[in-house]
Amino acid sequence: MPNILVLAEHDSGQLKQATLSAVAFAHKMVAEAGGSFDILLVGENMSGTAEGLRQYGASTVLVADYAQLKHPLGDKYAQIIADVAKERGVSMVVGAASTFSKDILPRAAALLDAGMLSDVIDVRTADGDVIFKRVMFAGNVIATVKLDGDVKFLTVRAAAFAHPPKASAPSPVVTLRVEVDRLPAFSQYGGRENKLTSRPDSTEARVVVSGGRAIRNAEDFERLIGGLADALGAAVGSSRALVDAGVTPNSLQVGQTGKIVAPDLYIAVGISGAIQHLAGMKDTKVIVAINKDPDAPIFEVADFGLVGDAYQVLPELVQKLGK
Ligand SMILES: Cc1cc2nc3c(=O)[nH]c(=O)nc-3n(C[C@H](O)[C@H](O)[C@H](O)COP(=O)(O)OP(=O)(O)OC[C@H]3O[C@@H](n4cnc5c(N)ncnc54)[C@H](O)[C@@H]3O)c2cc1C
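Residues numbered from 1 in each chain as written. Predicted model: local features only at pLDDT ≥ 70, side-chain atom pairs only at ≥ 80, totals over all residues. Heavy atoms only, no water.

A. Quick look at the packing of helix α5 (residues 218–232) against helix α9 (residues 310–322). The geometry of α5 relative to α9 is characterised by a closest axis approach of 9 Å and an angle of 30° between their N-to-C directions. Taken together, the axes of α5 and α9 lie roughly parallel to each other. Pair α5 / α9 crosses with left-handed handedness. Of the residues in α9, those in contact with Asp220, Arg223, Leu224, Ile225, Gly227, Leu228, Ala231 and Leu232 of α5 are Ala310, Tyr311, Leu314, Pro315, Leu317, Val318 and Leu321. (Axes fitted to C-alpha atoms, helices over the stretch in contact; angles between N-to-C directions. Helix = DSSP H or I, 4+ residues; strand = E, 2+ residues; numbered from the N terminus. Parallel < 35°, antiparallel > 145°, perpendicular 65-115°, else oblique. Left-handed = near helix turned anticlockwise from the far one by under 90°. Contact = heavy atoms within 4.5 Å.)

Listed below in structure tokens is the structure:
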């Protein structure tokens with residue numbers, strides 16, 4: 001029976017919603033194969049975050065809470081995960097498919113000489129084996145795989161696992177003792193540049209408005225894409241074409257080499273629909289495309305399409321939404 005460890009992801013104590021998909025995966029796994037799961041939270045001043053995690057049915061919420069763990073440095077976090085997994089006889093370590101987990105979990109897997117699967121979208125058991133489905137080649141292939149080894153590491157796609165039910169009784173919180181001064185120190189925290197924005201993160205938002213090469217410069221992006229996003233309380237995103245042109249920052253890029261988003265509504269403005277872009281947003285529930293070319297490939301995946309010039313359509317839309 002699996003003994004699962006779910007890695008909680010947070011930003012300075014603010015829990016990332018994608019964590020709940022990893023918890024939902026653990027619920028599904030336990031329902032299929034029995035066993036239980038713990039949630040591991042690493043950081044500084046984690047009591048409030050730990051409290052919030054008690055409602056999801058974990059056997060325990062394990063907390064490593066130290067000033068030295070304030071920043072998610074991959075080498076330190078990976079060592080903690082590997083140590084916890086080893087000490088507690090964990091058979092599966094799960095995180096959300098995010099930049100955070102991509103940095104940390106493969107290192108932890110390597111420390112335990114364990115196998116790792118990323119972008120898992122389904123799991124089932126058959127004849128005692130655990131069988132996973134995972135996305136490959138920018139979403140064009142879905143592979144069905146088994147993973148050898150006593151410990152399995154995986155990341156799961158947020159859109160594939162709905163958020164978990166709340167448990168009737170809160171999980172106990174267990175504080176972990178970590179010899180923080182003996183953790184690896186290959187990397188040092190150098191600082192972080194935060195763009196102050198009131199807009200939500202595109203990986204967390206229910207609505208994302210994304211702009212593509214149709215948008216000519218940063219001012220137009222802010223006015224048109226930002227304007228529509230603000231009218232909808234949405235996050236903004238961008239195709240790589242705009243990132244490469246220096247119009248938008250890398251942090252906004254959606255796609256194979258950018259962020260994977262799965263909102264309720266994705267509005268693609270002046271984006272052609274290259275497979276590398278679709279790889280980052282095609283799990284969206286409803287896709288709306290605005291493009292002046294009626295033959296643009298984005299319309300093949302869109303639920304609703306509007307053929308028109310972004311420079312005319314967006315101001316009109318914002319005005320109508322304002323009313
Ligand atoms: C290895 C690799 C990884 C990649 N990763 C990513 C990734 O993560 N994300 C990503 O986005 N791309 C990625 N790409 C690039 C991808 O292949 C495309 O080049 C890119 O997505 C195109 O961006 P676009 O749709 O904005 O631009 P274009 O393909 O140039 O499309 C612009 C669209 O705007 C429309 N348009 C023009 N003017 C207007 C107007 N006034 N009003 C309305 N519509 C208008 C046009 O009809 C056209 O459909 C990657 C490529 C490679 C090779």
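There is more to say, and it comes next.
B. Inspection of the nonpolar core at higher detail. Counting residues in each nonpolar core, the largest one holds 32 residues, and the members touching the most others are Phe25, Met92, Phe132 and Leu154. The contacts of phenylalanine 132, once residues within four sequence positions are left out, are Phe25, Met92, Leu117, Val120, Asp122, Val123, Ala143, Thr144, Val145, Leu147, Lys152 and Leu154. In terms of nonpolar packing, the next biggest core, distinct from the first, is built from 27 residues, Leu7, Val84, Val90 and Val178 among them. (Core = buried A, V, L, I, M, F, W, Y, C linked by side-chain atoms within 4.5 Å. Buried < 20%, exposed > 50% of the residue type's maximum accessible area, 1.4 Å probe, protein only.)

C. Representation of the packing of aromatic side chains within the structure. If you walk through the whole model with that rule in mind, you get two aromatic pairs. Taking 5.4 Å as the distance between ring centres and 85° as the angle between the ring planes, the aromatic pair formed by phenylalanine 25 and phenylalanine 161 counts as edge-to-face. On the criterion of sequence distance, the pair formed by phenylalanine 25 in helix α1 (residues 18–33) and phenylalanine 161 in the loop between β10 (152–156) and β11 (173–175) is long-range, its members being 136 residues apart. Between the aromatic rings of tyrosine 77 and phenylalanine 100, the centroid separation amounts to 6.3 Å while the plane-to-plane angle is 85°, which identifies the pairing as edge-to-face. A residue pair is termed long-range when its members are at least 10 positions apart, and tyrosine 77 in helix α3 (residues 74–87) and phenylalanine 100 in helix α4 (residues 99–111) qualify at 23 residues. In terms of burial, tyrosine 77 and phenylalanine 100 fall into one category: buried. Directly above the ring of tyrosine 311 sits arginine 216, whose terminal nitrogen or CZ lies 4.0 Å from the centroid. (Phe/Tyr/Trp six-rings, centres within 6.5 Å; stacked < 30°, edge-to-face > 60°. Lys NZ or Arg CZ within 6 Å of the ring centre and 35° of its normal.)

D. Representation of the packing of α3 against α4 within the structure. In contact at an axis separation of 8 Å, α3 and α4 are set at 50° when each is read in the N-to-C sense. Judged by the inter-axis angle, α3 sits oblique to α4. Considering only the axes of α3 and α4, their crossing is right-handed. Where α3 approaches α4, its residues Gly74, Asp75, Tyr77, Ala78, Gln79, Ile81 and Ala82 are matched on the opposing element by Phe100, Asp103, Ile104, Leu105, Arg107, Ala108 and Leu111.

E. Representation of α4. Taking 1.5 Å of rise per residue, 13 residues should cover 18 Å, and α4 covers 19 Å from first to last C-alpha, within 8% of that figure. Inspection of α4 places Phe100, Ser101, Ile104, Leu105, Ala108 and Ala109 among the buried residues, and these make up the whole buried set. If you follow the buried residues of α4, they end up packed against β1 (3–7), α3, β6 (92–96), β7 (115–126) and β10. Aspartate 113 lies just past α4 and shows a positive phi near 55°. (Expected span 1.5 Å × (residues − 1).)

F. Layout of the environment of arginine 134. For arginine 134, the location among the structural elements is in strand β8 (residues 129–136). Remark: the alpha-carbon pair of arginine 134 and glycine 280, spanning 146 residues in sequence, is separated by 15 Å. Setting aside residues up to four positions removed in sequence, arginine 134 forms contacts with Leu117, Ser118, Asp119, Val120, Ile121, Val141, Ile142, Ala143 and Val145. A distance of 2.9 Å separates the side chain of arginine 134 from the backbone oxygen of serine 118, its partner in a polar contact. (Polar contact = N/O pair within 3.5 Å; in protein donor to acceptor, adjacent residues only side chain to side chain.)

G. How the structure looks around the environment of isoleucine 298. When you line up the elements, isoleucine 298 lands in helix α8 (residues 298–301). The class of isoleucine 298 is buried, set by a relative accessible area of 0%. Sequence separation of isoleucine 298 and glycine 273 is 25 residues, and the distance between their C-alpha atoms is 4.1 Å.

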